[in-house]
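Each chain, written out:
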Amino acid sequence: MIITLEEAKKWLRIDHNDEDSLINTLISAAEKYLINATGNAFDSTNELAKLFCYVLVTDWYENREMIGKTSEKVRHTVESILAQLTYAYGGGVV
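Residues numbered from 1 in each chain as written. Predicted model: local features only at pLDDT ≥ 70, side-chain atom pairs only at ≥ 80, totals over all residues. Heavy atoms only, no water.

**Description of the overall build of the protein**
Rules: Numbering of helices and strands starts at the N terminus; helices are DSSP runs of H or I of at least 4 residues and strands are runs of E of at least 2. Partly exposed residues are those whose accessible area sits between 20% and 50% of the maximum for their type, while under 20% is buried and over 50% is exposed, using a 1.4 Å probe and protein chains only. By definition, residues are in contact when any of their heavy atoms lie within 4.5 Å. Under the convention used here, a 1.4 Å probe and the Shrake-Rupley method define accessible areas, while residue burial counts only the protein chains that appear.
On a plain count of helices and strands, the protein comes out with four helices and zero strands. For the protein, the α and β elements follow one another from N to C terminus as α-α-α-α. When each of the 94 residues of the protein is scored for burial, the buried share is 41%. Put simply, 64% of the contacts in the protein that link residues at least 6 apart link residues at least 24 apart. Accessible surface, the protein as shown: approximately 5500 Å² in total, 51% of it carbon and sulfur.

**Brief notes about the nonpolar core**
The criterion, for reference: Nine residue types can take part in a nonpolar core, namely buried Ala, Val, Leu, Ile, Met, Phe, Trp, Tyr and Cys, and a core is a set of them joined through side-chain atoms within 4.5 Å.
Of all hydrophobic cores here, the largest spans 26 residues; its most connected members are Ile3, Ile23, Leu34 and Phe52. Only helix H1 (5-12), helix H2 (20-38), helix H3 (47-62) and helix H4 (72-88) provide two or more residues apiece to this core. Setting aside residues no more than four positions away along its own chain, Ile23 makes contact with Leu5, Ala8, Lys9, Leu12, Ile14 and Tyr61.

**Focus: unusual backbone geometry**
Most peptide bonds adopt trans geometry, and most residues besides glycine take a negative phi value. If you check the backbone angles, Arg13 has positive phi at about 60° while not being a glycine. As for its position among the elements, Arg13 is in the loop between H1 and H2. Arg13 gets classed as exposed once you look at its relative accessible area, which sits at 77%.

**Some words on the packing of H1 against H2**
This is how the line gets drawn: Geometry is summarised by axes, namely lines fitted to C-alpha atoms with helices restricted to the contacting stretch, and by angles between N-to-C directions that run from 0 to 180 degrees. Oblique is the label for every angle not falling under 35 degrees (roughly parallel), over 145 degrees (roughly antiparallel), or within 65 to 115 degrees (roughly perpendicular).
The N-to-C vectors of H1 and H2 enclose an angle of 100°; their axes lie 10 Å apart at closest approach. Here H2 runs roughly perpendicular to H1, going by the angle between their axes. Between H1, through Leu5, Ala8, Lys9 and Leu12, and H2, the contact on the second element is made entirely by Asp20, Ile23, Asn24 and Ile27.

**What to know about the pattern of salt bridges**
For the record, the criterion: What counts as a salt bridge is simple: a side-chain nitrogen of Lys or Arg found within 4 Å of a carboxyl oxygen of Asp or Glu.
In total, this model carries two salt bridges according to the counting rule given. Notably, a salt bridge pairs Lys9 with Asp20, separated by 3.0 Å at the nearest N-O pair. Of this pair, Lys9 sits in helix H1 while Asp20 sits in helix H2; the two residues are 11 residues apart in sequence, bridging distant segments of the chain.

**Regarding the side chain of Thr58**
As a reminder, the rule being used: Throughout this description, a polar contact denotes any pair of N or O atoms lying within 3.5 Å of each other; where both atoms belong to protein, one of them has to be capable of donating a hydrogen while the other can accept it, and for residues adjacent in sequence the pair is counted only when both atoms sit in side chains.
Relative to the assigned elements, Thr58 resides in helix H3. Look at Thr58 and you get buried, because its relative accessible area is 15%. A polar contact is formed between the side chain of Thr58 and the backbone oxygen of Tyr54, at a distance of 2.8 Å. Residue contacts for Thr58: discarding those within four places in its chain leaves Trp11 and Leu12.

**Considerations on the environment of Cys53**
Residue position: Cys53 is located in helix H3. Considering only alpha carbons, one finds Cys53 and Glu31, 22 residues apart in sequence, at a separation of 6.5 Å. Discounting residues that sit within four places of it in the chain, Cys53 has contacts with Ile2, Ile3, Ala30 and Glu31.

Structural data, given as structure tokens:
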């Protein structure tokens, strides 16, 4: 796991438990998206992978009608981070 539910809720500034299931689903989807997009597996020690997951979870949480896609406002950020994570790491868990 790259980010935990508690980390995501802190990032999103959420202090209730009403949407924990949704947030867990978004975390899982973001981590799978990262693996599928880069071909690399990452863990919680990789700060750039964590940032990617935070950005994607936030975007999907705030734009729920767009789950599975990134909004135009974060597309450049997501693409840039993905490129760095794809080419900076040669595979395996990093």
